Protein chains: 2
Amino acid sequence: MKKEKVSSAVIRRLPRYYRHLNDLHMAGVERISSKALGESMGLTASQIRQDLSCFGEFGQQGYGYNVDSLRGEIADILGVNRGHAAIILGVGNLGRALLENFHFEHSGFTLTAAFDVDPAIVGQTQCGLPVYHASQLEDYLKEHPTAIGVLTVPRSAADSIAGQLVRGGVKGIWNFTNIELNVAGQGVVVEDVHFADSLLSLSYMISEAL
Amino acid sequence: MKKEKVSSAVIRRLPRYYRHLNDLHMAGVERISSKALGESMGLTASQIRQDLSCFGEFGQQGYGYNVDSLRGEIADILGVNRGHAAIILGVGNLGRALLENFHFEHSGFTLTAAFDVDPAIVGQTQCGLPVYHASQLEDYLKEHPTAIGVLTVPRSAADSIAGQLVRGGVKGIWNFTNIELNVAGQGVVVEDVHFADSLLSLSYMISEAL
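Residues numbered from 1 in each chain as written. Chains lettered and ligands numbered in written order. Predicted model: local features only at pLDDT ≥ 70, side-chain atom pairs only at ≥ 80, totals over all residues. Heavy atoms only, no water.

A.B. asks: Please clarify how the packing of helix 2 (residues 34–41) of chain B against helix 3 (residues 45–53) of chain B should be interpreted in this entry.
C.D. replies: In a pair of packed helices, the angle between the axes and the distance between the axes together describe the arrangement. Residue and element names in this part refer to chain B. Relative orientation of the contacting elements helix 2 and helix 3 amounts to 100 degrees, with a least axis distance of 8 Å. Judged on the interaxial angle alone, helix 3 and helix 2 are roughly perpendicular. Contacts between helix 2 and helix 3 involve Ser34, Lys35, Leu37 and Gly38 from the former and Ala45, Ile48 and Arg49 from the latter. Grouping the constituent residues of the contact of helix 2 with helix 3 by class yields three nonpolar, two polar and two charged. (Axes fitted to C-alpha atoms, helices over the stretch in contact; angles between N-to-C directions. Helix = DSSP H or I, 4+ residues; strand = E, 2+ residues; numbered from the N terminus. Parallel < 35°, antiparallel > 145°, perpendicular 65-115°, else oblique. Contact = heavy atoms within 4.5 Å. Nonpolar A, V, L, I, M, F, W, Y, C, P; charged D, E, K, R; others polar.)

Structure representation (structure tokens):
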């Protein structure tokens, strides 16, 4: 497969392609033109062709894209079928909401364990996952190679836990703590879900519109 | 205040400035150079000067920025002090996690009501908020002008509820449903928090790194 340096804007759009192609597939659509795909996603046909050309030759002039095969290619590019091991750090409301409602397996991850400090849940299982005490994290990671940590701990614990994850060899941190983690240059990818930043951006945009 | 067309990248960074300046203020820092602020945020000094110049003249050559006053200016720009009314649609795990843990008031919003269809909670209060049945939404919006709706309903209900919000005059939707809402061109700003897209991006980035 042709591989170029892919811009972060394209990386951001790939999951949207994947989502739209899944929906089309579920709706029984077998092929789609770049124009029609663009219209459903709010992009131009040429933008779509340009994005997808970063990864190889998809689609055929005059035919469009085969939905199922493009969906499969993008799934591979995204690593959806790799079953990376993931652990969740912090089983408060947000952690529990993710455990109970979010389909990690649809994004290529298998949850293997949860960590918390609350004696009421440590040693129990939550949604089928064993809950260990946070103090067991270092030992756990030695024995169980883990691709990512889902960080939903309180802000005050974020950097300490993140440091343990990095030393324990995780490749990525899905960070819900709304702080920037101090792990730059340590070979770990951080994906932030900053709720407060997101809502502040919305506040700005509606203030502009009012 | 000087106002130019502000790029979405700058809008995305503004909440981070606000967050960092809050932290600096809490730590007792009174002034900071663009260089030092940049280092703490992973940006260059010139990037910072350029970003902030979109909104007016802040800081002084050789002195840097007054932390508290810049923080106040950015708070105003973001609309943090406006107390916009917000309602939450869907009080499942995620809705409850937001209700119980997220400080809407820190981002300039006051939650005024919640909506759901579960008979076990409709008519009750959750975290001090009245929970109404979703069928009461339209009437509620007629009587209570509302700036934003926080959308945490199941995907199947998302477009229908979003349509009601738009017709009811909300200015913005904070969208957690992981689908693109069909509200383009209707004068409403949508801010997406797409968990699955975010995790897929992380999957891609760690696959690249592996």
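Resuming the write-up.
A.B. asks: Looking at this structure, I do not really get the environment of glycine 64 of chain B. What am I missing?
C.D. replies: Take glycine 64 of chain B: it is sitting in the loop between helix 3 and strand 2 (65–66). Residues glycine 64 of chain B and alanine 147 of chain B lie 83 residues apart in sequence; the distance between their C-alpha atoms is 36 Å.

A.B. asks: Help me understand helix 3 of chain B, please; the structure alone is not making it clear to me.
C.D. replies: Residues that lie three or four places apart on an α-helix share one face, since the helix turns once every 3.6 residues. All names here are of chain B. Turning to helix 3, its buried residues number three or more, namely Ala45, Ile48, Asp51 and Leu52. Looking down the long axis of helix 3, one finds its buried residues gathered within 125 degrees of arc, a one-sided arrangement. Where helix 3 is buried, its residues contact helix 1 (8–26), helix 2, strand 2 and helix 4 (67–78). (Buried < 20%, exposed > 50% of the residue type's maximum accessible area, 1.4 Å probe, protein only. Arc of directions from axis to C-beta.)

A.B. asks: I tried to follow the interface of chain A and chain B on my own but got confused; where do I start?
C.D. replies: Accessible area lost during the coming together of the parts is what is often quoted as the interface size. At the interface, 59 residues of chain A touch 59 residues of chain B. Summed over both partners, the interface of chain A with chain B buries about 5,100 Å², with 65% contributed by carbon and sulfur atoms. Linking chain A with chain B are eight salt bridges. As a salt-bridge pair, arginine 16 of chain A and glutamate 180 of chain B come within 2.9 Å of each other at their nearest N and O atoms. Linking chain A with chain B are 21 residue pairs in polar contact (both at pLDDT 80 or more), by the criterion used here. Of all elements in the fold, only helix 1 (8–26), helix 4 (67–78), helix 5 (93–101), strand 8 (172–175), strand 9 (189–192) and helix 8 (195–209) of chain A reach the threshold of two or more residues within the side of chain A that touches chain B. (Buried area = accessible area lost by both parts, 1.4 Å probe. Salt bridge = Lys/Arg side-chain N within 4 Å of Asp/Glu carboxyl O. Polar contact = N/O pair within 3.5 Å; in protein donor to acceptor, adjacent residues only side chain to side chain.)

A.B. asks: Could you clarify how one ought to interpret unusual backbone geometry in this entry?
C.D. replies: Glycine aside, a negative phi is what most residues show, and trans is what most peptide bonds show. Although it is not a glycine, asparagine 178 of chain A sits at a positive phi angle of roughly 60 degrees. For asparagine 178 of chain A, the position within the fold is in the loop between strand 8 and strand 9. By relative accessible area, asparagine 178 of chain A is classed as buried at 12%. Look at cysteine 127 of chain B: it is not a glycine, yet its phi comes out positive at around 50 degrees.

Interpretation note: all reported values are geometric properties and have no functional meaning in isolation.
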